[in-house]
2 protein chains.
Amino acid sequence: MDPKAEAATKPLAKGLPAGPGGAKGMIVFTAQDAVDWAKQGKKVILVREETNPEDVEGMRAAQAILTARGGMTSHAALVARGWGKCCVVGCSALEIDSRAKTVETHGQTLREGDWLSLNGSKGLVYQGEMPMRDADESNKELEAFLKVCNAVRKMGVRANADPPEDAARARRFGAEGIGLFRVEHMFYGKGSEQPLFKLRKMIVSKSLEERRAALNELFPHVKSDIKATLKAMHGLPVTIRTIDPPLHEFVPHEAEKLQELARALNIDMSELERRAHGLRESNPMMGHRGVRLGITYPEVTEMQVRAIFESAAELQKEGVKALPEIMIPVVCVETELKNQFELIAKVYAEVVKAKKVRSIPHLVGTMIEIPRACLVANKLAEVAQFFSYGTNDLTQMGLGFSRDDTGSFMGDYLEKGILPADPFQTIDQEGVGELIKIGVERGRKVRKDLKIGICGEHGGEPASVEFCYNTGFSYVSCSPFRVPIAILASAQAAAKARKK
Amino acid sequence: MDPKAEAATKPLAKGLPAGPGGAKGMIVFTAQDAVDWAKQGKKVILVREETNPEDVEGMRAAQAILTARGGMTSHAALVARGWGKCCVVGCSALEIDSRAKTVETHGQTLREGDWLSLNGSKGLVYQGEMPMRDADESNKELEAFLKVCNAVRKMGVRANADPPEDAARARRFGAEGIGLFRVEHMFYGKGSEQPLFKLRKMIVSKSLEERRAALNELFPHVKSDIKATLKAMHGLPVTIRTIDPPLHEFVPHEAEKLQELARALNIDMSELERRAHGLRESNPMMGHRGVRLGITYPEVTEMQVRAIFESAAELQKEGVKALPEIMIPVVCVETELKNQFELIAKVYAEVVKAKKVRSIPHLVGTMIEIPRACLVANKLAEVAQFFSYGTNDLTQMGLGFSRDDTGSFMGDYLEKGILPADPFQTIDQEGVGELIKIGVERGRKVRKDLKIGICGEHGGEPASVEFCYNTGFSYVSCSPFRVPIAILASAQAAAKARKK
């Protein structure tokens, strides 16, 4: 956004700066409208109460995303930042009426088609079309500068990247591996129609037989995606996290999709609705997800692990060096890991035999994102070959702040000085940081060379990067666009520590 | 249940004894019916194939819960036991047809409204109304036995008791105070119609003015209830917790109630729906609740604290020794406490002046239920005069287990040996216990004589009571019916420690 024009204009409203950069567009209120209008060549801003995975296509089509609710790690914020897209969230002064297609703020009413301009770096919303300015692209200077940084820094920098295109971009930006590849990414956005449908069949399956059939259909999608990413990152490690979110998140809401699903499963709608209803949770963030799914449905872990090992074995034969690191999320007790690792070892032996390879280099490790995991890190380190801190969830549970619900009080908390900063933006070093330190200390007591990383969005935030360096992390990982920042912050931390 | 009557009657069916105690009520088949019938003052038993989180309100409203499916750690069993509610699960002889509203067993058909009696300690189901016996009937042997226990034990035992009747019962059972009086109790169950309506007005208020008006209406209800409890406990401390649950929990679902509310606020239905919708949260357990409400709406804390101080001052003049201990829930950072304590001090000065008393004895303290609170206990202890561990929430967030959603995996976790016991039944000493210990240690480092208690349901479970004793707790607090167990367990812990 042009700074002069901005200085001369009063913002309409203020929210959280969830996706940096500027953007302008016409207001639309549904993901479908965003897609339709964009197809007609119109620039749009998607304005929503909050977003969910069903909005992803519309979010992609929009110039920017604006939500009334949610914090710095809400769905909208995470998705937008991963894409490097402008985004303002938690703009609580907006009163959105998506039926009437109006949004009201401070007495003013805006309608569908009205222009808005957003400053995603400051969280500001302007009425009308503000002049924009391209970000300065002086790649050579940046490259030279990062070279200097790389000579100074000691801690590794990886990227959180899902589709193979992102992996390639991350590499260009200087990432030394992928710190977070989320298997579930392939069920969101472009090209996800087919795998998502098959995932849905798996989710609402009742019997092991039904579920196995759906998993078999899903397998080729998961494998081809993982294989492409491992290939793009040849020679560099790729941390692959098994399916993490609560399954209900993937259940469709539209009647049409539900009917299609019922037909495919050969059950009637009321039965499907009953099954879908049974998946609903009061607090899904603390529900049946991550490793808990792997324990209750071992076949789900098995399918993913098979896809990883088969990909790696096949690439090995093609002369590509694949380095998968299998990561289990939401772990809070070592028995969960032991259970899953036994399963992984079983699949490993099967694939090695079937693919006739001598071995498949890989690591198995755990995310550390539940407070309890930090306290029993010594026990976890007895089995895990690496830790990766999921600081989004660790912040949620450590502080009891649901990241989708902080919008209602975070503003007051910052304004009244209750908190010095939004803990989803920069690590709460006193609280969450203390948990992290306990985990690092206890983990390394048992396994001296334990590889420790971070894959929460904090991994690209300078103060948090410095904290990670000082706490002895092996690497940080963040969205591709933030990799240069992480490289710089890591170099600064090393330089600062040397001075002392 | 009366043992003589029971011995003379043949049970209709047998299931698993999931929630001890006896209960009788009329059969209802849906959670909504349970809520509606209970509001009309009817005693009901909720009969379901199995329960899920959406049934929770109905389960709360029912005298007891009976399910055809599920084991000792099914959703129904977990929830009921958490509440100390009578429950029989896995009663597979029942054939429930919830559309026809009938339940068949061994050839007999029962209908909605028919009476059932349950023995939740033995898992037995009886037709009709069996005579019940209160567990608090004077039992000389028990009294003598508890006297021996009391001579041995060192740790205090209090009760979690809300309505004044419960306070009296707790006293009879030997409780040395109330460890948890929840202000919100007066919005649930019998006699709650009026205060609940006023609370709802407050909740959906938009402006400070609207909210203050609703709070003023609410004040006399809150005060009279608190005063009666303080009076019943004269000479013994009463820990009063300010409103804790997420506000959306109180928003009505029925169209009729919504209309009534809209009329009272002089707004139209679409506006009310919009306000109610705005309160909805993705993970309410980690949302806008507890102290967070007190920070964003200081007037809500103020009203409650005024009710407490006015009650205590008036009782003082009547010669009753009131010992309120004001407790702030969901605290995770010391600035929250400082903010609320300043407010409390202001109200205190006003009431002392208005009521013309020299002073009003009281304590101000905090619940410790967020993992972060344990880590910064030293800072909290600088302001708080006591800690009370809310181990239900600490377990939820420490392990990332939403207690309403563990039904889907807890069975598997116990069966496969992932966990040795349900952490909501007995404290997870290795994880949650470690957090508790860190909190006690850090808190007492700053304030040596810090009073430390527990008010989660674990306070009445023997192994957890022993843990509390060994960790240096001043007292445990549990539901009145479990007080004798807590007294015994506390004596055993002291005896065991002495032997070593």
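This one's a predicted model, so the numbers in the text were calculated from it and none came from an experiment.

Trainee: Any chance you could break down the overall build of chain A for me, citing the residues and the numbers?
Mentor: The helix and strand tally for chain A stands at 20 helices and 19 strands. Judged by the C-alpha coordinates and their principal axes, chain A covers about 70 × 65 × 45 Å. At a minimum sequence separation of 6, the contacts of chain A that also span at least 24 residues come to 68%. Total accessible area on chain A is roughly 19800 Å²; 49% of this is exposed by carbon and sulfur atoms. Taking the average location of the 69 positive side-chain charges in chain A and that of its 65 negative ones, the two points are 6 Å from each other.

Trainee: So what about the interface of chain B and chain A? Which residues, and what values?
Mentor: Contacts between chain B and chain A engage 56 residues on the former and 55 residues on the latter. Each partner contributes to the roughly 4800 Å² buried at the junction of chain B and chain A, and carbon and sulfur atoms together form 52% of this total. For R442 of chain A, the salt bridge is made with E434 of chain B, and the minimal N-O distance between the two is 2.9 Å. Counting every contact that joins chain B to chain A gives 28 residue pairs in polar contact (both at pLDDT 80 or more). Class assignment for the residues of the side of chain B that touches chain A results in 22 nonpolar, 17 polar and 17 charged.

Trainee: Break down the environment of T391 of chain B for me, citing the residues and quoting the values.
Mentor: Residues and elements named next belong to chain B. In this fold, T391 is placed in helix 16 (residues 391-399). The residues contacting T391, other than those within four sequence positions of it, are I427, I436, I454, G456 and H458. A polar contact of 2.7 Å, which involves the side chain of T391, links it to the side chain of H458.

Trainee: How would you sum up the pattern of salt bridges? Please name residues and give values.
Mentor: Residue and element names in this part refer to chain A. Considering all chains together, one arrives at 73 salt bridges over all chains under this definition. Across the salt bridge formed by R306 and E350, the nearest N and O atoms sit 2.8 Å from each other. Of the two residues, R306 sits in helix 12 (residues 298-317) while E350 sits in helix 13 (residues 334-355), which places them 44 residues apart along the sequence. Here E350 falls in the partly exposed class, since its relative accessible area comes to 35%. In the salt-bridge network here, residues are joined through shared partners; they are K223, K227, E310, E314, E318 and K355.

Trainee: Report on the packing of helix 6 (residues 164-172) of chain B against helix 8 (residues 208-232) of chain B, specifying residues and quantitative values.
Mentor: Residues and elements named next belong to chain B. Taken N-terminus to C-terminus, the directions of helix 6 and helix 8 make an angle of 15 degrees; their axes are 8 Å apart at the nearest point. If you check the angle between helix 6 and helix 8, you find them roughly parallel. Relative to helix 8, helix 6 is oriented so that their crossing is right-handed. Along the contact surface, helix 6 presents P164, A167 and R171, while helix 8 presents D225, A228, T229 and A232.

Trainee: Explain helix 8 of chain B to me, using residue names and the numbers behind them.
Mentor: Residue and element names in this part refer to chain B. Look at helix 8: 35 Å from first C-alpha to last across 25 residues, which is about the 36 Å you get at 1.5 Å a residue. Of all the bends found along helix 8, the most pronounced is centred on L218 and spans about 35 degrees, while P220, a proline, follows it within four residues. Along helix 8, the residues classified as buried are R211, A214, L215, L218, F219, V222, K223, D225, I226, T229 and L230.

Trainee: Explain the nonpolar core residue by residue, including any values.
Mentor: Across soluble globular proteins, nonpolar side chains have a tendency to be buried as a group. By size, the foremost hydrophobic cluster in this structure holds 255 residues, and its most contacted members are Y389 of chain A together with Y389 of chain B. The residues touching Y389 of chain B, leaving out its near neighbours within four places in the chain, are I368, C374, L394, I436, G439, V440, I452, G453, I454, C455, G456 and F473 of chain B.

Trainee: Please set out the domain arrangement of chain A residue by residue, giving values where relevant.
Mentor: Residue and element names in this part refer to chain A. What the domain assignment reports for chain A is domain 1 (3-127) and domain 2 (140-499). If you average the C-alpha positions of domain 1 and of domain 2, the two centres end up 27 Å apart. Of the residues lining the interface, 18 residues belong to domain 1; the matching set on domain 2 comes to 23 residues. Taking both sides of the interface into account, the surface hidden between domain 1 and domain 2 amounts to around 1700 Å²; carbon and sulfur atoms contribute 55%.

Trainee: Explain the pairing of strand 16 (residues 363-368) of chain A to me, and be specific about the residues and the numbers.
Mentor: Residues and elements named next belong to chain A. The buried count for strand 16 comes to five of six residues, which makes it a mostly enclosed element. In this sheet, strand 16 lies alongside strand 15 (residues 323-328) in parallel orientation, the contact comprising four bridges. Opposite E325, over in strand 16, you have L363 as the bridge partner. In this region the chain leaves strand 15, passes through helix 13 and returns to the parallel neighbour strand 16; the handedness of that crossover is right-handed.

Trainee: Outline the side chain of T471 of chain B, supporting the account with residue identities and numerical values.
Mentor: Residues and elements named next belong to chain B. Mapped onto the fold, T471 is located in the loop between helix 19 (462-470) and strand 19 (475-478). The exposure class assigned to T471 is buried, which follows from its relative accessible area of 12%. Only 2.6 Å separates the side chain of T471 from the backbone oxygen of F467, close enough to count as a polar contact.

Trainee: How would you explain the sheet that holds strand 8 (residues 102-105) of chain A if you had to name every residue and give the values?
Mentor: Residue and element names in this part refer to chain A. Strands sit in the order 7-8-9 across an open sheet of three strands; the sheet is antiparallel. Every other strand in the sheet has two partners, leaving strand 7 (95-97) and strand 9 (108-111) as the edge strands with one partner each. Within this sheet the neighbouring strands show an average axis-to-axis angle of 20 degrees, counted without direction. Of the pairings in the sheet, the one linking strand 7 to strand 8 comprises three bridges and is antiparallel in character. For D97, the partnering residue across the bridge sits in strand 8 and is T102.

Definitions and cut-offs
Residues numbered from 1 in each chain as written. Chains lettered and ligands numbered in written order. Predicted model: local features only at pLDDT ≥ 70, side-chain atom pairs only at ≥ 80, totals over all residues. Heavy atoms only, no water. Helix = DSSP H or I, 4+ residues; strand = E, 2+ residues; numbered from the N terminus. Contact = heavy atoms within 4.5 Å. Areas by Shrake-Rupley, 256 points an atom, 1.4 Å probe, with all protein chains shown as cover. Lys, Arg positive; Asp, Glu negative; His and termini not counted. Charge placed at Lys NZ, Arg CZ, Asp CG, Glu CD. Buried area = accessible area lost by both parts, 1.4 Å probe. Salt bridge = Lys/Arg side-chain N within 4 Å of Asp/Glu carboxyl O. Polar contact = N/O pair within 3.5 Å; in protein donor to acceptor, adjacent residues only side chain to side chain. Nonpolar A, V, L, I, M, F, W, Y, C, P; charged D, E, K, R; others polar. Buried < 20%, exposed > 50% of the residue type's maximum accessible area, 1.4 Å probe, protein only. Axes fitted to C-alpha atoms, helices over the stretch in contact; angles between N-to-C directions. Parallel < 35°, antiparallel > 145°, perpendicular 65-115°, else oblique. Left-handed = near helix turned anticlockwise from the far one by under 90°. Expected span 1.5 Å × (residues − 1). Bend = angle between axes of the 7 residues up to and from the residue. Core = buried A, V, L, I, M, F, W, Y, C linked by side-chain atoms within 4.5 Å. Domains from an automatic or database assignment. Pairing = 2+ DSSP bridges. Right-handed = clockwise from strand over helix to strand, strands pointing away.

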